[in-house]
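Descriptive analysis of the structure
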Amino acid sequence: KILFIVRHGQALHNPRAEAAQSNGCSMEEFFDLMRQDDAWDADLTDLGRRQAKKCRDDHFSVRDDNNNIVNNNSNPLGVDLVIGSSLSRTMDTADLVFPPQNNDNNRKDKQIPRISLEYFREVNGHFLNGKRRNKKELNSKFPHWNFDSLTTEEDESWTPDIEKYEDVAERGYLGLVALLT
């Protein structure tokens, strides 16, 4: 099996902080800008959507002899499973990079399976952009995704305190172990 890992595209809380970071701002200033622009379960920006489509076109598309993209929605790489965290921007990015096949009435049985796993969520806590929507809203917004792994309706893992990086690393490791077993 081959594992592709793709970061989500730019989200609503990112533009000013990313611009400042490109100009060499301190981490304190970077986080202050993210706090100012914070948005609950931040969606992708237009740039974030373009980034995801560019990722698909540049890395996950079949091209003909003239370098033209050929039928981008046919799963040319034979992807067996798409996994994203429970944050909207990750599922939107995954859907743009690996478009749902035969999106006929959002029928799950006609598509590459898509599973939301909390393990792969980015640093949690403090910022509202990392607080997920409730399970019912996620099911409504992403009916072609499986949310069975979310054990609670509300996001009970989010706290006002930012998660320790060691805990984030451990959670990611446990997610990889879960995928490999």
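Residues numbered from 1 in each chain as written. Predicted model: local features only at pLDDT ≥ 70, side-chain atom pairs only at ≥ 80, totals over all residues. Heavy atoms only, no water.

The chain goes by Phosphoglycerate mutase-like protein in an unreviewed UniProt entry, where it is assigned to Fragilariopsis cylindrus CCMP1102.

1. A few points about a nonpolar patch on the surface
Residues Leu3, Ile5, Leu81, Leu176, Leu179 and Leu180 make up a contiguous nonpolar surface patch of about 620 Å² in total accessible area. Considering the arrangement of structural elements, one finds leucine 3 in the segment before helix 1 (15-22). Overall, leucine 3 belongs to the exposed group, its relative accessible area being 54%. (Patch = residues over 30% accessible without salt bridge, like charges linked within 9 Å, V, L, I, M, F, W, Y side chains within 5 Å. Areas by Shrake-Rupley, 256 points an atom, 1.4 Å probe, with all protein chains shown as cover. Salt bridge = Lys/Arg side-chain N within 4 Å of Asp/Glu carboxyl O. Helix = DSSP H or I, 4+ residues; strand = E, 2+ residues; numbered from the N terminus. Buried < 20%, exposed > 50% of the residue type's maximum accessible area, 1.4 Å probe, protein only.)

2. A short note on the layout of surface pockets
For the largest pocket, the calculated volume is near 1,500 Å³. Lining the largest pocket are 47 residues, with Phe4, Ile5, Val6, Ile83 and Phe120 positioned closest to its centre. Within the residue set of the lining of the largest pocket, elements represented by two or more residues are helix 1, helix 2 (27-36), strand 1 (82-84), helix 4 (88-97) and helix 6 (165-180). With six residues, helix 6 is the largest single contributor of residues to the lining of the largest pocket. Residues belonging to the lining of the largest pocket are distributed by class as follows: 27 nonpolar, 14 polar and six charged. (1 Å grid on protein atoms, 1.4 Å probe; cavity = no way out; pocket = protein on both sides within 12 Å on 5 of 7 lines; lining within 4 Å. Points joined across faces, edges and corners; volume = space filled by probe spheres on them. Nonpolar A, V, L, I, M, F, W, Y, C, P; charged D, E, K, R; others polar.)

3. Quick word on a negative patch on the surface
Together, Glu137, Glu153, Glu154 and Glu156 line one region of the surface with negative charge. Within the fold, glutamate 137 resides in helix 5 (residues 135-141). (Lys, Arg positive; Asp, Glu negative; His and termini not counted. Charge placed at Lys NZ, Arg CZ, Asp CG, Glu CD.)

4. Overview of the pattern of salt bridges
Side chains bearing opposite charge may pair, as long as their charged atoms lie close to each other. Counted by the stated rule, this structure contains 13 salt bridges. A salt bridge links aspartate 57 to arginine 56; the shortest N-O distance between them is 3.1 Å. By relative accessible area, arginine 56 is classed as buried at 14%. For aspartate 95, the salt bridge is made with arginine 114, and the minimal N-O distance between the two is 2.8 Å.

5. Looking at the nonpolar core
Core analysis: the largest hydrophobic core is formed by 17 residues, its most contacted members being Val82, Trp145 and Phe147. Counting residues per element, the ones that place at least two in this core are helix 3 (46-59) and helix 4. Take this core: its biggest share by element is four residues, from helix 4. Each residue touching phenylalanine 147, except ones within four places of it in the same chain, is listed here: Met91, Ser116, Lys135, Leu138, Asn139 and Phe142. The next biggest cluster of nonpolar side chains, apart from the first, holds seven residues, and it includes Ala17, Cys25, Leu33 and Phe127. (Core = buried A, V, L, I, M, F, W, Y, C linked by side-chain atoms within 4.5 Å. Contact = heavy atoms within 4.5 Å.)

6. So, the side chain of asparagine 129
Position of asparagine 129 among the secondary structure elements: in the loop between strand 2 (114-116) and helix 5. In terms of polar contacts, asparagine 129 uses its side chain to reach the side chain of aspartate 38, at 2.9 Å. When residues no more than four places from it in sequence are discounted, the contact partners of asparagine 129 are His13, Met34, Asp38, Ala39, Trp40, Asp41, Ala42, Leu87, Arg89 and Glu122. (Polar contact = N/O pair within 3.5 Å; in protein donor to acceptor, adjacent residues only side chain to side chain.)

7. Concerning the side chain of threonine 45
Within the secondary structure, threonine 45 is located in the loop between helix 2 and helix 3. A distance of 3.0 Å separates the side chain of threonine 45 from the backbone nitrogen of glycine 48, its partner in a polar contact. Aside from chain neighbours lying at most four places away, what touches threonine 45 is Gln10, Ala11, Leu12 and Pro15.

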